[in-house]
Amino acid sequence: MALRDRARERLAALEEAGLLRRLVELEGPTGPRAQLGGRELIGLASNDYLGLANHPELIDAVREGAARWGAGAGASRLVTGHMGAHRWAEESLAGWLGRPMLLFGSGYAANVGVVQTLVEEGDLVVSDALNHASIIDGCRLSRARVVVFRHRDLAHAAELLETHRSSARHVLVVSDAVFSMDGDQADLPGLRALADRFDATLMVDEAHAIGVFGPEGRGASVAAGIQPDVLVGTLGKALGLSGAFVCADREVIDLLTNRARSFVFSTAIAPAVAAAVPVAVGLTRRADAARAHVESLARRLRTGLRAGGWAVGADVGPIVPVVVGDGGRVLQIAGSLEERGVLVRPIRPPTVPVGTARLRLTVSAAHPMADVERAVGAFEAIR
Ligand SMILES: *Cc1c(COP(=O)(O)O)cnc(C)c1O
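Our subject in this report is the structure included herewith. Everything quoted here is computed from the prediction, not taken from an experiment.

**Concerning the environment of leucine 343**
Position of leucine 343 relative to the elements: it lies in strand β11 (residues 342-343). Taking the C-alpha atoms as reference points, leucine 343 and isoleucine 42, separated by 301 residues in sequence, lie 5.8 Å from one another. Discounting chain neighbours no more than four positions away, the residues touching leucine 343 are Leu26, Ala34, Leu36, Leu41, Ile42, Gly43, Leu44, Ala45 and Glu338.

Shown next, in the form of structure tokens:
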């Protein structure tokens, strides 16, 4: 069968299952309002939690970075792509979080590269069932044995460790800090204790936590009073840019610099973006009022939706999932909300387990409370 025919067949199957995805094009920057189809909608779908992606100081920093360092790095950091802009970015992140740093092109690349570097054949990974796809892909690439524990069930994780620890050389326990599609949080002190008990390394992915939780937005691990051995954070969510960072002990950072394939074999993050990182870090550190506003927006959204009978998950943080179940139905609801001026995105398998299709609502510090009130009203109207 010709490739085109096969592709057409598979697309038809996705459409039938209510799982076909299409790109939605914004006609302007991300922000509390989204320009779409010639209209302005309340945008409740971006991960720009602090409203920094369209912040004038950050835009200026990118512009100045491009003027000074150029539009592209031209090579991998290990070849000739390493510039002062990258070093300053890492220094500013290290100053904020207190540990050595390495930039990656994206959170996806960071997770794939880190997991694949930390464990190899003969090792064991103990991974939460709802960990991000990039962690799962890193596990697959590593050739280590992977065991998956039920979401947030540390008793189950301990059971798996009891069974498999002795036959493995190194063990990596890995979890998202805040789960991207559910908005709930890992028990980080519990994971730290578990890793210590079984002589394992703890890796925490703070993609949705960095900038949002903890003093100065230093993340969920700092808020919980623990230190993971390896922490991954992204620059593309609360920090408003793109790219990611990994922090760990110096030796681990040096090993990643040598062996993480998504670092070694990939062009350095654009210097204009790297040059803006210190500005993003500064804005994030000073954003306590914004963080408090985000929390009150999210609280109002949850209360309003629950009062309307919607199944709302997670009790803290800017991610407010509304679980609907059926992929087709979730698409329909998203369409109705869009007609009423609210942009939310349907999240369907394989991003979430079958039967748990949902709307994933997110709030940003740039939203006035009135936006949330209007969104709650739109949900009421279609209930
Ligand atoms: C978004 C996300 C990533 C990937 O980060 P990008 O910079 O978007 O590639 C990794 N882990 C989690 C938990 C995420 O939500």
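**Some details on the site of the ligand**
Among the 14 residues in the neighbourhood of the ligand, the closest are listed as Gly107, Tyr108, Asp205, His208 and Lys237. The separation between an oxygen atom of the ligand and a polar main-chain atom of glycine 107 is 2.7 Å. With respect to the ligand, the side chain of lysine 237 contributes an N or O atom lying 2.7 Å from an oxygen atom. Contact with the protein chains hides 82% of the accessible area of the ligand, taken as 380 Å² for the molecule alone. Top contributing element to the shell around the ligand by residue count: helix α5 (residues 107-118), with three residues. Looking at the shell around the ligand residue by residue, the classes come out as two nonpolar, nine polar and three charged.

**Description of the packing of aromatic side chains**
Any aromatic ring pair is given by two values, namely how distant the centres are and how the planes are angled relative to each other. A complete count under the given rule lists three aromatic pairs for this structure. Note on tryptophan 69 and tryptophan 88: the rings are 5.8 Å apart at their centroids and 75° apart in plane angle, and the pair reads as edge-to-face. Taken together, the positions of tryptophan 69 in helix α2 (residues 56-69) and tryptophan 88 in helix α4 (residues 84-97) put the pair 19 residues apart, joining distant regions of the chain. Residue classification places tryptophan 69 among the partly exposed positions, given a relative accessible area of 21%. A ring pair is formed by tryptophan 310 and phenylalanine 379, whose centres lie 5.1 Å apart and whose planes are at 85°; its orientation type is edge-to-face. Linking tryptophan 310 in the loop between α13 (288-307) and β10 (319-325) with phenylalanine 379 in helix α15 (residues 369-382), this pair joins segments that are 69 residues apart in sequence. Across the pair, phenylalanine 379 and tryptophan 310 agree in class, each one buried.

**Regarding the pairing of strand β3 (residues 101-104)**
On a regular strand, each side chain points to the face opposite its neighbour's, so the side chains alternate between the two faces of the sheet. The two faces of β3 match: Met101 and Leu103 on one face and Leu102 and Phe104 on the other face are all buried. Bridge analysis of β3 against strand β9 (residues 244-247) gives four bridges, and the strand direction is antiparallel. Across the sheet, leucine 102 pairs through a bridge with valine 246, a residue of β9.

Thresholds applied
Residues numbered from 1 in each chain as written. Predicted model: local features only at pLDDT ≥ 70, side-chain atom pairs only at ≥ 80, totals over all residues. Heavy atoms only, no water. Helix = DSSP H or I, 4+ residues; strand = E, 2+ residues; numbered from the N terminus. Contact = heavy atoms within 4.5 Å. Near = heavy atom within 4 Å. Polar contact = N/O pair within 3.5 Å; in protein donor to acceptor, adjacent residues only side chain to side chain. Areas by Shrake-Rupley, 256 points an atom, 1.4 Å probe, with all protein chains shown as cover. Nonpolar A, V, L, I, M, F, W, Y, C, P; charged D, E, K, R; others polar. Phe/Tyr/Trp six-rings, centres within 6.5 Å; stacked < 30°, edge-to-face > 60°. Buried < 20%, exposed > 50% of the residue type's maximum accessible area, 1.4 Å probe, protein only. Pairing = 2+ DSSP bridges.

Treat this as a map of the structure, not an account of what it does.
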